[in-house]
Amino acid sequence: MEIDLNIPFINLYGQYLSIKNEIDQAITEVIRKSAYIGGQHREKFERDFANYLGVRHCIGVANGTDALTICLKVLGIGQGDEVITVANTFIATAEAITNAGAKVVFVDNDPDYYVIDPDEIEKKVTNKTKAIIPVHLHGHPADIDRILEIAHKYNIFIIEDSAQAHGAEFRGKKVGTLGTAATFSFYPGKNLGAYGDAGAIVTNDDEFAMKIKMYANHGRVSKYDHEFEGVNSRLDNIQAAVLSVKLKYLDQWNEKRRSIAEYYSRRLSDIKEIVIPKTKSYVKDVYHLYVIKAHRRDELREYLLKNGVATGIHYPIALPNLKAYQYLGHKPDDFPNATKCQSEILSLPIYPELTEENIDKICLLIHEFYRS
Ligand SMILES: *Cc1c(COP(=O)(O)O)cnc(C)c1O
C-alpha cells in the first residue's frame, strides 16, 4: 500500500475508523427498524445533547442554517425588523436573517479573537433591532456577558450561533445555554458532525421549544392536524444515531484539539511574522479551527500546499464585502478589522486524528518558509 504523506485539512474517514464498530452498529440498527424519520433515535439524541449542554430542550432540525431561520421565524422576527450579527462569519448566519424577512445589520469583529466586538454593538442598535446573533467563531466563545447586558438594556433576543463551538465554555457554562436560544450545526466537518446535514436548536423556554418543534415539522399537532404552516426541517434517525455515538467522544476530541492548539502555539510562537491565536482565561476554547495571522499569507499557503499541507481561510471575504451584500451599500473601511483579516488569516489543520509528526512537519515548513 502506498503511504500518503499529505496532510489533509480534515480527516473524517480516520475518525470513522476509530469508532467504526459503534457507528456501523448504530446505522444498522436504524435500518433494521426502518424508522428513518421521527421516533426513538432522534428523541434519544435530542435528550443526550440537551443533557450534555445542561439545557431543557433540544430540537433536531435538518441543518444549522435552518436552525437559525426557524428560531427567528418562531420568535416572530421578520419584515421591518433588524438583526445584528458579526461581519466575519459563514454566510449562513446572515442568510438566515434575510430568509426570515428581516434586515441584516453587520458589526465588525474584534481584531484579536475574531468574534463580534461588543463595543461596536450598541452603536448599531435601533428601535427596530429585535435580536443579536453572536457567533462563537472558530470554537472561541463570544463575549456573551457584555452582549447579554446590551440585550437586557434594549429588550432584544440573543441567539447564539454555536455551529463551531460544541462543548465550548464561557465562565464555566457551556455556550448554547446563555441566551434566548442557540443553534448548532452538525455538518460533517464540525466538532460534532453527522454523516450528512443535521442541526439543532436548544432553549430553556418550554413554550418556545414546543413551537419550534411544530414549526420544523409542518406546524403539526398530529399526523394530519396542523395548527399553522411551518416547514419540513427534521433531523433524521440515521444522523441522530451517528450523533449519539459521536457525542460520547466530543469532550475527549475537544481536549485533543486544545492540546494540538497548545502544541502549535508553542512551536510557532517564536516566528515574528505570525500571530498565534489568543484565548481568554475565562473561556474554554474548542478550536474548531486553529487560525493564525500570517505575513505573506498567500505565499505561505501556496508553500504549504506544494509540500502536501492543506490549509483553509475562514473567511476570505468578510460578509459585508461580498457581492451578496452589495445592496447594503457598505465600504470595506466600514469594517476595518474584518476587512484586514481577509488577507491575513490562515487556518491550519486541526482535528483529533492529527499526529504530533504531522504538526511537527507543518511547523517545520512554516519555519522554513520564513527563514528563506
Ligand atoms: C456551519 C455553520 C452554519 C451553518 O450550518 P449548516 O449545517 O451547514 O447549515 C452556520 N453558522 C456557522 C458559524 C457555521 O460555521
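This text follows the structure it describes.
Attention in this report is confined to the structure presented alongside it. (Residues numbered from 1 in each chain as written. Predicted model: local features only at pLDDT ≥ 70, side-chain atom pairs only at ≥ 80, totals over all residues. Heavy atoms only, no water.)

Concerning the environment of Leu289
Within the secondary structure, Leu289 is located in the loop between β13 (283–284) and β14 (290–294). Here Leu289 falls in the buried class, since its relative accessible area comes to 7%. As for Leu289 and Ser244, which are separated by 45 residues in sequence, their C-alpha atoms are 23 Å apart. Excluding its chain neighbours within four sequence positions, the residues that come into contact with Leu289 are Phe9, His138, Gln164, His314, Ser347 and Ile350. (Helix = DSSP H or I, 4+ residues; strand = E, 2+ residues; numbered from the N terminus. Buried < 20%, exposed > 50% of the residue type's maximum accessible area, 1.4 Å probe, protein only. Contact = heavy atoms within 4.5 Å.)

A word on the site of the ligand
By nearness alone, 13 residues border the ligand, and Gly64, Thr65, Asp161, Ser185 and Lys190 come closest of all. One nitrogen or oxygen atom from the main chain of Gly64 is found 2.8 Å from an oxygen atom belonging to the ligand. When the free accessible area of the ligand is taken as 380 Å², the share hidden by the protein chains comes to 93%. When grouped by side-chain class, the residues that make up the shell around the ligand number four nonpolar, seven polar and two charged. (Near = heavy atom within 4 Å. Polar contact = N/O pair within 3.5 Å; in protein donor to acceptor, adjacent residues only side chain to side chain. Areas by Shrake-Rupley, 256 points an atom, 1.4 Å probe, with all protein chains shown as cover. Nonpolar A, V, L, I, M, F, W, Y, C, P; charged D, E, K, R; others polar.)

Brief notes about the packing of aromatic side chains
For the coordinates displayed, the defined rule picks out 18 aromatic pairs. Counting every residue linked through ring pairs, the aromatic cluster contains Phe45, Phe49, Tyr52, Phe184 and Phe186. If you follow Lys174 out to its NZ or CZ, it ends over the ring of Tyr52, 4.7 Å from the centre. Lying across the ring of Tyr113, Lys280 places its NZ or CZ 4.1 Å from the centre. (Phe/Tyr/Trp six-rings, centres within 6.5 Å; stacked < 30°, edge-to-face > 60°. Lys NZ or Arg CZ within 6 Å of the ring centre and 35° of its normal.)

Examining the packing of helix α4 (residues 64–74) against helix α5 (residues 91–100)
Geometry of a packed helix pair, given as the angle between the helix axes and the separation of the axes. One can describe the packing of α4 onto α5 by two numbers: an axis separation of 8 Å at closest approach and a directional angle of 40°. By the angle between their axes, α4 is oblique relative to α5. Handedness of the α4/α5 crossing: right-handed. On α5, the residues touching Thr65, Leu68, Thr69, Leu72 and Lys73 of α4 are Ala92, Thr93, Glu95, Ala96, Ile97, Asn99 and Ala100. Across the contact of α4 with α5, the residue classes break down as six nonpolar, four polar and two charged. (Axes fitted to C-alpha atoms, helices over the stretch in contact; angles between N-to-C directions. Parallel < 35°, antiparallel > 145°, perpendicular 65-115°, else oblique. Left-handed = near helix turned anticlockwise from the far one by under 90°.)

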